[in-house]
Amino acid sequence: MAGRRVFISGVGGELGTLTASLLEEEEWVGSIAGIDADPPRRRLMRTDYHRIPPTEHDRIVQTILQFDPHVLVHIGVWEPHSRAAPDLAKMLTDQAATSILGAAAECPSLESVIVRSGIEVYGRGPGSLSRPAETAPLSPTCQWGRTLAAIERTAASVGGRVGVTVGPVRFAPVLGRHIPSPFGRLLRMPAVPFRAFADPPFAVTENLDAARALVAAARNRLSEPVNVVAPGAITALQAARRGGRVPVPVLGPEWRLVTGLNHLAGAPVPPHVVETLSRGRLADNNRMEELLGTTPEYTTTDVIDQIYGWPSVIRREARVKVA
Amino acid sequence: MAEAGRVVSLPARRYEREVARLSKGAGVLPPGRRLSDEPSGVVDDWGRDPGVVRRAMRLAGLRWQFSTGGATHLPKRTGALIVVNTRRFALTTLYTAFAVSHSVDRPVRFIGRSDSVPLGPLEQRLGALLDHPDEVFGALRGGELVVLGADPTARPREAGLVDHTIVGAAVAAGVRVHPAATTSSPFNRFARVEIGKASRPPRTRRGPLVELELADRVRDDIMFLLDQMGDINTGTPLDLLPLGGLGGGR
């Protein structure tokens, strides 16, 4: 078991960097390598980082084949309006998934593929379950959900063809310090929109909990989907009140205006966030302990309190005054 | 002197520790949590708002004077499905959920949430679940008490058909199914909920027949409980009038 090679796609993102730093402490992990278009957010001691944009298929394939991983952790997904506009995010995510999962299929030592997914894959159409479990059918109703469902399908097809286990880890919206999340940005705006007469509940995941779940999935060679969701739930109105923000009731047609105004204010709101605010987003996390052997440390309320706890500007005195 | 510094663990402390352990271990709020401990200003895993529920229960107290019997039959921590007889427009599942919740000091959910605005979100805040076996299965597996209404009938001493797919969800989740008889009247405030012992399927089955047989058995058990409650029974059309509500507050 010891000395396993782990490859991380998307190691430059906050979640990828956290996952890599946690994997470095695992005894069963021998060597770690990762790729991303951007360098990791903090110093990694044992991880070899390769700076490759997702469009360079040949370099991606060559790098992965050379490393020949036992475990592939695919975190290289771009949430719309997190760091890229929705169309670009979809294109980058599709390209990365195709080249990385395709290359992994060619690796003779590959044993397991862990895929970062989201609870958006369940969709929030009419009559959809309030709190879907892993067995619920996938019927995404937003672009981000469809992208994630497509990655799951690609990974499952690769796994089936080469005979390795595939474990999709479906996260509730991941929030936390330094996470470029459009949902987190929207909640931190001075005024927070909520759907009047509905204000449905949603759950989130803290980024460290998400990284821990990915590491546990890799350690346990997860072979089936698992929902990773912080316990508890909250509504947009309750979140705005906790953060001392001005709640703005929105009936329906004004969502377009609200998203436009937010875009101008620097917090663009992608459709899956509008869906979360207007239809809610919960998922059953009862199988987390059974499948991963770990549970979230932070509740949804803790995570919301954390995002409002960040100071806007941190002013620190200079250690040496030179002027 | 060494005895002086010893910490004595009272049962209450053990309960708190157990709740904390369950909370940490299960990844969800502990199933055995007390109604009175629920915080305000947040919703739970299923979107139920304790603050709204408390206000609704106070409001319901103006309309109904509940009395509940047989609550000791219910499990203290794990989930259970409670099946009640219903009458049209009587909001039976709602007041049963409130009555049982008040009696056992645990959140109780009920089946039959609309999926449209504004009724659906309001019902969700009150603890309603969608009428879908997967939704009910998730709640029961999570250790929740869930109230299911049988099909409504015109006669107060009868119970309608019980949805066997929901009973199947309880069987799949490995929880008990309890019959409960309810009486209430539009002309007075008395409302009584009598919970029976868990129903058992008449014979052991390996296939889905168990849920059909268990649903029929639950219905029979509810009618037996209704007979025991001794509501009005003249054998005339007077029986069709909702004059019952016997036992409530008496």
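Please refer to the structure higher up on the page.
The rules behind these values
For every chain, the first residue of its written sequence is number 1, and the numbers climb from 1 along that sequence. Ligands are numbered from 1 and chains lettered from A, in the order in which they are written. Owing to the predicted nature of the model, reporting of local features is limited to residues with pLDDT of at least 70; listing and counting of side-chain atom pairs is limited to 80 or more, with chain, interface and lining totals taken over all residues. Counting from the N terminus, the helices are the DSSP runs of H or I reaching at least four residues and the strands are the DSSP runs of E reaching at least two. Between the buried cut of 20 or more and the exposed cut of 12 or fewer other C-beta atoms within 10 Å of a residue's own C-beta lies the partly exposed class, and all C-beta atoms are placed from the backbone. Residue pairs are scored as contacts if the distance between their C-beta atoms, which are placed from the backbone, is within 7 Å. Each residue is assigned to one of three groups, with Ala, Val, Leu, Ile, Met, Phe, Trp, Tyr, Cys and Pro labelled nonpolar, Asp, Glu, Lys and Arg labelled charged, and all others, Gly among them, labelled polar. We treat two strands as partners when DSSP finds at least two bridges between them. Note on geometry: axes are lines fitted to C-alpha atoms, helical ones only across the stretch in contact, with angles between N-to-C directions running from 0 to 180 degrees.

## A word on the overall build of chain B
Okay, so step 1: For chain B, the helix and strand inventory stands at seven helices and seven strands.
Okay, so step 2: Counting helices and strands in the order they occur from the N terminus, chain B gives α-α-β-β-α-β-α-β-α-β-α-β-β-α.
Okay, so step 3: The buried share of chain B, reckoned over its 250 residues, is 45%.
Okay, so step 4: Put simply, 69% of the contacts in chain B that link residues at least 6 apart link residues at least 24 apart.

## Points about the interface of chain A and chain B
Okay, so step 1: Listed as interface residues are 28 residues of chain A and, on the opposing side, 26 residues of chain B.
Okay, so step 2: Listing elements by their share of the side of chain A that touches chain B, those giving two or more residues are β12 (234-235) and α10 (288-292) of chain A.
Okay, so step 3: Among the residues making up the side of chain A that touches chain B, the classes are represented as 14 nonpolar, ten polar and four charged.

## Examining unusual backbone geometry
Okay, so step 1: Pro118 of chain B follows Val117 of chain B through a cis peptide bond whose omega is 0 degrees.
Okay, so step 2: Assignment of secondary structure puts Pro118 of chain B in the loop between β3 (108-111) and α4 (119-126).
Okay, so step 3: Phi is positive for Phe197 of chain A, which is not a glycine, with a value near 65 degrees.
Okay, so step 4: Structurally, the position occupied by Phe197 of chain A is in the loop between β8 (191-195) and β9 (201-202).
Okay, so step 5: For Asp199 of chain A, which is not glycine, the phi dihedral falls at a positive 40 degrees.
Okay, so step 6: Within the element layout of this structure, Asp199 of chain A appears in the loop between β8 and β9.

## Here's the deal with the sheet that holds strand β2 (residues 29-36) of chain A
All names here are of chain A.
Okay, so step 1: With parallel pairing, the seven strands of this open sheet are ordered in space as β3-β2-β1-β4-β5-β6-β11. Two strands in the sheet have a free side with no partner beyond their single neighbour: β3 (47-51) and β11 (226-228). On average, adjacent strands in this sheet sit at an angle of 20 degrees to one another, irrespective of strand direction.
Okay, so step 2: Across five bridges, β2 lies against β3 in parallel orientation. For Ile32, the partnering residue across the bridge sits in β3 and is Thr47.
Okay, so step 3: Taken strand by strand, helix α1 (residues 14-23) contacts β1 (4-9), β2, β3 and β4 (71-74), and its axis lies near 165 degrees from that of β2.
Okay, so step 4: Its contacts with the sheet put helix α3 (residues 86-105) on β1, β4 and β5 (112-118), and the angle it makes with β4 is roughly 175 degrees.

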